[in-house]
Amino acid sequence: MKIFNSMTNKKEELKPLKEGQFHIYACGPTVYNYFHIGNARPFIVFDTLRRYLEFLGYTVTFVQNFTDVDDKMINVAHQEGITVKELGEHYIEEYFKDARALNIKNASVHPKATEHIGDIIQLVKTLIEKGNAYESCGDVYFDTQSFAEYGKLSGQDLSELEMGARIDVSEKKRNPMDFALWKAAKEGEISWDSPWGAGRPGWHIECSAMSMKYLGETIDIHGGGQDLKFPHHENEIAQSEAATGKPFANYWMHNGYININNKKMSKSEGNFFTVRDILKEFDGLAVRLFMLSAHYSNPINFSKELLEQSQTAFGRIQNCRENLAFIINNPKENTVDVKSAINTLNTDFLAAMDDDLNTADAIGVIFEYIKQINTIFMAGGTGQNAQDALAALDRLLDVLGILDSGEQKIPQEVTDLAQQRSEARTQKNWALSDELRDKIKELGYEVKDTPDGVKISKL
RNA sequence: GGCGCCAUAGCCAAGUGGUAAGGCAGGAGCCUGCAAAGCUCUUACCCCCAGUUCAAAUCUGGGUGGCGCCUCCA
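Residues numbered from 1 in each chain as written. Chains lettered and ligands numbered in written order. Predicted model: local features only at pLDDT ≥ 70, side-chain atom pairs only at ≥ 80, totals over all residues. Heavy atoms only, no water.

Engineer: For the packing of aromatic side chains, give the residues involved together with the corresponding values.
Structural biologist: Centre distance and the angle of the planes are the two values used to describe a pair of aromatic rings. Evaluated as defined, the whole model comprises 17 aromatic pairs. Measuring from ring centre to ring centre gives 6.5 Å for Y150 and F179, while their planes differ by 25°; the resulting arrangement is stacked. A residue pair is termed long-range when its members are at least 10 positions apart, and Y150 in the loop between β6 (139-142) and α5 (158-164) and F179 in strand β7 (residues 179-184) qualify at 29 residues. With relative accessibility at 6%, the residue Y150 sits in the buried group. A residue is classified by how much of its surface remains accessible, and F179, at 7% relative accessible area, is buried. The structure contains a cluster of three or more aromatic residues connected by ring pairs, namely F35, F43, F66, Y95 and F96. Geometry around Y134 places R174 over its ring, the cationic atom sitting 3.9 Å from the centre. (Phe/Tyr/Trp six-rings, centres within 6.5 Å; stacked < 30°, edge-to-face > 60°. Helix = DSSP H or I, 4+ residues; strand = E, 2+ residues; numbered from the N terminus. Buried < 20%, exposed > 50% of the residue type's maximum accessible area, 1.4 Å probe, protein only. Lys NZ or Arg CZ within 6 Å of the ring centre and 35° of its normal.)

Structure, rendered in structure tokens:
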């Protein structure tokens with residue numbers, strides 16, 4: 001498999017550090033709010049990467065953190081009159097609800113910053129000892145001048161950065177680009193004891209500490225949104241590599257933004273839709289399909305119209321699966337050949353995914369397969385091979401995380417009405433048939449007639 | 001000022017040297033009591049200009065337009 005490595009800016013063959021396994025770290029959410037559709041993109045992208053690598057037979061250890069202490073957390077907790085801990089616990093719970101709806105698997109570990117203060121302090125101490133960090137008025141800063149490779153990920157040059165940028169100039173820092181590893185507590189703020197007095201971690205150090213703790217000093221893949229490239233990931237590299245003298249991550253992956261009217265969706269701009277709200281109108285799996293319908297590195301322009309298109313497209317997949325399921329339950333004796341269609345599906349799907357996780361292409365492959373299968377089974381015969389055809393489809397849908405595994409329970413009331421309708425139809429009482437169909441529709445279900453019988457499905 | 005990304009049909013979106021996948025929407029047809037589902041056909045001067053090449057959406061140079069990072073941000 002090839003992956004575009006943002007460190008080298010090249011597509012590279014993805015090779016694990018240890019045979020047969022991958023260690024992946026992805027930056028998770030700061031839990032002071034529901035996450036929005038833009039935040040959801042990396043969750044879905046890296047979940048899909050993880051699923052695909054597992055599908056290929058690798059053991060994947062996937063870590064995604066929760067940032068549960070920082071300025072925003074403190075501010076929001078203060079506004080709402082609750083503790084930072086309470087705020088964090090609440091939105092972590094809400095994160096899992098939305099993630100489940102988007103069919104995002106739980107990471108192997110979801111470490112919280114507040115539960116790793118000891119590891120963080122240890123790392124900061126090491127950096128001070130090695131001369132890469134210094135204490136100043138209870139704060140500890142990373143000395144960017146001490147790390148010669150600073151800027152290697154983002155292609156930034158320290159001297160150029162200082163020119164036009166609005167940098168936080170503080171007398172506490174030796175250099176404007178130095179960033180905080182540890183912040184002294186202000187009055188009334190949540191804090192932990194440290195060798196430098198009461199305080200809390202800066203906003204970059206937690207990822208370094210937790211990545212190293214759970215995945216080792218050098219990991220395979222580190223991922224996140226493009227906006228984290230600088231300074232967050234750059235700082236992670238500086239901290240980690242200065243401390244260990246080893247490469248922090250072999251591959252860096254950055255996903256593109258979700259835009260609204262071609263502007264980046266962000267909380268500070270206020271132009272965002274929370275996943276929570278979107279899910280009121282759309283199927284979570286359709287939202288996921290929408291996300292995966294473009295290459296992960298490209299921006300996606302978000303709108304409800306586009307989401308509706310995905311919802312319809314998703315329905316097309318579901319129809320095909322329902323049709324196959326129907327054939328399986330109502331088999332006929334003749335068999336049809338689905339082998340070549342399945343082979344093409346598998347080969348092309350793998351080729352697409354192997355090429356830098358090209359899910360858009362992979363989805364195209366799936367739709368081509370659906371068309372073939374529809375032709376084989378609907379226009380012509382029907383046979384036992386429907387089982388194979390469905391299994392092949394479902395297997396790949398599951399890799400993309402868009403397999404609807406939920407059992408649809410159809411209420412007795414609906415099946416009764418459907419039964420009555422069938423009787424009406426055999427008596428050619430079309431008026432009654434239509435009337436019953438409408439009644440069923442009111443209950444949120446739909447009846448479809450096929451050459452082989454009646455199918456009921458949820459609207 | 002520095003660093004970087006994007007431009008393919010009405011709307012999305014693959015395609016990185018060999019003559020334009022796929023989805024949505026629209027049109028025509030087949031099937032059907034009508035529908036639904038499905039199938040077939042149909043909709044592209046690949047932003048512009050120059051260059052390289054037998055061959056360019058794809059490579060090079062130059063434009064134009066849009067966006068992002070450099071400050072919390074996925």
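Engineer: Report on helix α9 (residues 284-292), specifying residues and quantitative values.
Structural biologist: Counting buried residues in α9 gives nine out of nine residues, a clear majority hidden from the surface. Buried within α9 are the following residues: G284, L285, A286, V287, R288, L289, F290, M291 and L292. A distance of 3.0 Å separates the backbone nitrogen of L285 from a side-chain oxygen at the start of α9, and that oxygen is part of D283. (Polar contact = N/O pair within 3.5 Å; in protein donor to acceptor, adjacent residues only side chain to side chain.)

Engineer: Got a sec to walk through the sheet that holds strand β4 (residues 59-64)? Specific residues and values, please.
Structural biologist: Sheet strands associate in pairs through backbone hydrogen bonding, adopting either a parallel or an antiparallel arrangement. A sheet is described by the order of its strands in space; here four strands give the open sequence β4-β3-β9-β10, paired in parallel fashion. Each edge of the sheet is formed by a strand with only one pairing partner; in this case those strands are β4 and β10 (249-255). Each adjacent strand pair in this sheet contributes to an overall mean axis angle of 20°, direction not counted. Judged from the six bridges that link them, strand β9 (residues 219-225) and β10 form a sheet pairing that is parallel. Across the sheet, G225 pairs through a bridge with N255, a residue of β10. The strands touched by helix α6 (residues 205-215) are β3 (21-26), β4 and β9; relative to β3, the strand with the most contacts, the crossing angle is about 160°. (Pairing = 2+ DSSP bridges. Axes fitted to C-alpha atoms, helices over the stretch in contact; angles between N-to-C directions. Contact = heavy atoms within 4.5 Å.)

Engineer: With reference to specific residues and values, describe helix α10 (residues 304-329).
Structural biologist: Taking 1.5 Å of rise per residue, the 26 residues of α10 would be expected to cover 38 Å, and the 37 Å separating its terminal C-alpha atoms lies within 8% of that figure. Taken residue by residue, α10 has L307, S310, F314, I317, Q318, C320, R321, N323, L324, F326 and I327 as its buried positions. (Expected span 1.5 Å × (residues − 1).)

Engineer: An account of the nonpolar core is needed here, citing residue identities and associated values.
Structural biologist: In terms of nonpolar packing, the biggest core is built from 89 residues, with L49 and F349 touching the most fellow members. When near neighbours in sequence (up to four residues on either side) are disregarded, L49 contacts M1, I3, I24, I221, M253 and L357. (Core = buried A, V, L, I, M, F, W, Y, C linked by side-chain atoms within 4.5 Å.)

Engineer: If you had to explain the pattern of salt bridges to someone new, which residues and values would you point to?
Structural biologist: Enumeration according to the criterion identifies 25 salt bridges in this entry. Its salt-bridge partner being E241, residue K152 comes within 2.8 Å of it at the nearest N-O pair. With a gap of 89 residues between them, K152 in the loop between β6 and α5 and E241 in helix α7 (residues 229-244) connect regions that are remote in the sequence. Salt bridges sharing partners connect three or more residues here, namely D47, R51, R288 and D398. (Salt bridge = Lys/Arg side-chain N within 4 Å of Asp/Glu carboxyl O.)

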